[in-house]
Amino acid sequence: IEMHGRALELTIAALGPNHPDTATAKGNLAAAMVGNGQLRESLPLFKSSYDIDRAHYGDSHPAVATDLHNLGFVLYRTGQRDSAGEHFRAALDIRTKALGAQHPETRSTRTWAGRCDVK
């Protein structure tokens, strides 16, 4: 986590807070936090990554779908299945259109969206 935090600091210093590479660095730090069990703490970083990518790429880019998928995963793991499902379905729509229905990332998101629908 420490190295990802340092990478984020350097990326912001070099490219600024709203650069797509900054979004990637935030997502990497958030993913490391998830791996360390810091689910709730990762949410603001994943949300910021989403906001940066959406502002840079628009609503239909695969990077935005990845951000939505990541947010959905953390929401699911913290028991917020309805909200998680909304994020997974939005990511699924983007990925299906951009990558195709059989792409591995699309299939993964479809699986997670289905998990949210099971009560």
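A brief structural summary. Remember, predicted model here, so these are calculated numbers, not experimental data.

### Side note on the pattern of salt bridges
No. 1: Scanning the model with the defined rule gives six salt bridges in all.
No. 2: A salt bridge links D93 to K97; its shortest N-O distance comes to 3.3 Å. Of this pair, D93 and K97 both sit in helix α5 (residues 81–99), four residues apart, which is roughly one turn of the helix.
No. 3: You can call K97 exposed: its relative accessible area is 67%.

### Some points on the packing of aromatic side chains
No. 1: Taken as a whole and assessed by the stated rule, the structure comprises three aromatic pairs.
No. 2: Summarising the aromatic geometry, the rings of F73 and W112 are spaced 5.2 Å apart at their centres and angled 85 degrees between planes, so their arrangement reads as edge-to-face. Of this pair, F73 sits in helix α4 (residues 62–77) while W112 is found in helix α6 (residues 104–117), placing the two residues 39 residues apart along the sequence.
No. 3: Look at F88 and W112: their rings are 5.9 Å apart centre to centre, the planes differ by 20 degrees, and that puts the pair in the stacked class. Note that F88 is positioned in helix α5 and W112 in helix α6, a separation of 24 residues in sequence. The same class applies to F88 as to W112, namely buried.
No. 4: Three or more aromatic residues joined by ring pairs form one cluster here, namely F73, Y76, F88 and W112.
No. 5: The ring of W112 has R115 lying over it, and the distance from NZ or CZ to the ring centre is 4.2 Å.

### Let's talk about the side chain of R95
No. 1: Residue position: R95 is located in helix α5.
No. 2: Side-chain polar atoms of R95 contact the backbone oxygen of E105, separated by 3.1 Å.

### Some words on the packing of α4 against α5
No. 1: Remark: α4 packs on α5, axes separated minimally by 8 Å, with the N-to-C direction vectors making an angle of 155 degrees. By the angle between their directions, the pair α4 and α5 is classed as roughly antiparallel. Of the two possible hands of crossing, α4 and α5 adopt the one that is left-handed. Residues P62, V64, A65, T66, L68, H69, L71, G72, F73, L75 and Y76 of α4 pack against R81, S83, A84, H87, F88, A90, A91, I94, R95, A98 and L99 of α5.
No. 2: Of the residues assigned to the contact of α4 with α5, the class counts are 15 nonpolar, five polar and two charged.

About the cut-offs
Residues numbered from 1 in each chain as written. Predicted model: local features only at pLDDT ≥ 70, side-chain atom pairs only at ≥ 80, totals over all residues. Heavy atoms only, no water. Salt bridge = Lys/Arg side-chain N within 4 Å of Asp/Glu carboxyl O. Helix = DSSP H or I, 4+ residues; strand = E, 2+ residues; numbered from the N terminus. Buried < 20%, exposed > 50% of the residue type's maximum accessible area, 1.4 Å probe, protein only. Phe/Tyr/Trp six-rings, centres within 6.5 Å; stacked < 30°, edge-to-face > 60°. Lys NZ or Arg CZ within 6 Å of the ring centre and 35° of its normal. Polar contact = N/O pair within 3.5 Å; in protein donor to acceptor, adjacent residues only side chain to side chain. Axes fitted to C-alpha atoms, helices over the stretch in contact; angles between N-to-C directions. Parallel < 35°, antiparallel > 145°, perpendicular 65-115°, else oblique. Left-handed = near helix turned anticlockwise from the far one by under 90°. Contact = heavy atoms within 4.5 Å. Nonpolar A, V, L, I, M, F, W, Y, C, P; charged D, E, K, R; others polar.

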